[in-house]
Amino acid sequence: MAESKRDYYEVLGVSKDADDATLKKAYRQVAKKYHPDMNPGDAEAEKKFKEASEAYAILSDPDKRRQYDQFGHAAFESGAGGGGFGGFDFSGADFSDIFGDIFGDLFGGGRRGRASQGPMKGMNIRKSVRITFEEAVFGCEKELDMVLKDPCSKCSGTGAKPGTSPETCPKCGGKGQVVYTQQSFFGMVQNVQTCPDCGGTGKIIRDKCPDCGGTGYTSNRKKIAVTIPAGIDNGQSVRIREKGEPGVNGGPRGDLLVEVVVSRHPIFQRQDMHIFSTVPISFAQAALGADIRVKTVDGEVLYTVKPATKTDTKVRLKGKGVPSVRNSQVRGDHYVTLVIQTPEHLSSEAKEALKRFDELSGNTLNTASKEKETKTGKKKKGFMDKMKEAFDD
């Protein structure tokens, strides 16, 4: 039984009203993903590549697309037997511009993969620095010990031994690119690739500089000062301009990106610009009200607990949170949760005082047990009376 074909629009992942540009873009993505050269030995990928190519060949042709929309796959079954994949005729399908891009991406050439001999910015460098909770709130200065590349002073960054110069690459003729012709499913395709001999520079160094070994750069250990702004959060980065890798062909240096790792605090927790903490208070302070000291990032502050405060009451200390990283004059708030703490160790005097307090509050601590003792006593007395009466008789 023949295997049923998928809908061509579904194969390319487009709607039935897709225009030519949408079809071409969709096919380019699918063909690049499943191209046999990108998936060597993968039969399933090759099958999907052929399926996509067949779908594009039909939908990119107005007449064939009209037939397919009307009759589906049956419109082409009777004419099967021509060239192409699986007996399908690909004549008339224009793949030239698409495969020029695809093969260029696959093999380093094409319009997007061409080597550039103009000035290029150097690569960025990433580092991390650990700071405390308070340093994140108020900002700080840190110093990084790093190894950075600098243009070689002996050869002035050319990489060639003093007295000599780089030569034009014979393989690419100084262009930095070479053209390859490759047999594809659709015939011969030309693609452009970065020259493997000169790495795209167009120059070959015969006599290398003894100091830099022909690289044009030397590595030096340096100390880099980093200013951590107030209000920075865990995982955020500070960018230091032109402290990364050197540029190419006179281009600017890359940047240094310093990721900040904030240590956990034993008391405070942070959420955006706000700080949260928990403060224990006694029952007397909660019932009668009292002045307590609350720890904040600015130091201890005095807060007045209102009488009859319940446990888990949340209070706000305005402006005691984290400054905005964009404007240090704007700060969040500090939210404090008041939790009534039950004492674990009481003296006999304290226990008696609590019992007296309980009675004055209209409660009795041992009401249930006293009632039980009273009932039990009555039962025992009645039983003993009966026994005494029995012996007396």
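Only a predicted model underlies this, so the values are computations on that prediction, with no experimental measurement involved.

This brings us to the overall build of the protein chain. Within the protein chain, the secondary structure is distributed over eleven helices and 15 strands. Taking all 393 residues of the protein chain together, 32% fall into the buried category. Put simply, of all contacts in the protein chain between residues at least 6 apart along the chain, 64% involve residues at least 24 apart. Of the roughly 25100 Å² of accessible surface on the protein chain, a fraction of 50% belongs to carbon and sulfur atoms.

So, on to the packing of helix 2 (residues 20–34) against helix 3 (residues 43–59). At a minimum axis separation of 9 Å, helix 2 and helix 3 run at an interaxial angle of 165°. Taken together, helix 2 and helix 3 sit at an angle that is classed as roughly antiparallel. At the point where helix 2 passes helix 3, the crossing takes the left-handed sense. Across from Leu23, Lys24, Tyr27, Val30, Ala31 and Tyr34 in helix 2, the residues of helix 3 making contact are Ala45, Glu46, Lys48, Phe49, Ala52, Ser53, Tyr56 and Leu59. Its residues placed into classes, the contact of helix 2 with helix 3 shows ten nonpolar, one polar and three charged.

Turning next to the sheet that holds strand 8 (residues 237–240). Strand order in the open sheet made by the three strands is 1-9-8, with mixed pairing throughout. The open sheet has two free edges, formed respectively by strand 1 (125–131) and strand 8, since each of these has just one partner strand. Each strand of the sheet is rotated relative to its neighbour by a mean of 25°, with strand direction disregarded. Here strand 8 pairs with strand 9 (residues 256–262) via four bridges, running antiparallel.

What follows covers the nonpolar core. Grouped together as the largest cluster of nonpolar side chains are 21 residues, with contacts concentrated most on Leu12, Val14, Leu23, Tyr27, Leu59 and Tyr68. Secondary structure elements with two or more residues in this core: helix 1 (8–12), helix 2 and helix 3. Per-element accounting of this core gives the leading share, seven residues, to helix 3. If sequence neighbours within four positions are ignored, Leu23 has contacts with Leu12, Val14, Ala18, Tyr56, Leu59 and Arg65. Listed in part, the 18 residues of the second largest apolar core include Ile125, Ile131, Ile224 and Ile232.

Topologically, Gly163 is positioned in the loop between strand 2 (140–151) and strand 3 (167–168). Owing to a relative accessible area of 84%, Gly163 belongs among the exposed residues under this scheme. Residues Gly163 and Cys209, spaced 46 residues apart in sequence, show a C-alpha to C-alpha distance of 9.9 Å.

Moving on, we come to helix 2. With 15 residues, helix 2 should cover 21 Å at 1.5 Å per step; its first-to-last C-alpha distance of 21 Å lies within 8% of that length. Taken together, the buried positions of helix 2 are Leu23, Ala26, Tyr27, Arg28, Val30, Ala31 and Tyr34.

Cut-offs and rules
- Residues numbered from 1 in each chain as written.
- Predicted model: local features only at pLDDT ≥ 70, side-chain atom pairs only at ≥ 80, totals over all residues.
- Heavy atoms only, no water.
- Helix = DSSP H or I, 4+ residues; strand = E, 2+ residues; numbered from the N terminus.
- Buried < 20%, exposed > 50% of the residue type's maximum accessible area, 1.4 Å probe, protein only.
- Contact = heavy atoms within 4.5 Å.
- Areas by Shrake-Rupley, 256 points an atom, 1.4 Å probe, with all protein chains shown as cover.
- Axes fitted to C-alpha atoms, helices over the stretch in contact; angles between N-to-C directions.
- Parallel < 35°, antiparallel > 145°, perpendicular 65-115°, else oblique.
- Left-handed = near helix turned anticlockwise from the far one by under 90°.
- Nonpolar A, V, L, I, M, F, W, Y, C, P; charged D, E, K, R; others polar.
- Pairing = 2+ DSSP bridges.
- Core = buried A, V, L, I, M, F, W, Y, C linked by side-chain atoms within 4.5 Å.
- Expected span 1.5 Å × (residues − 1).

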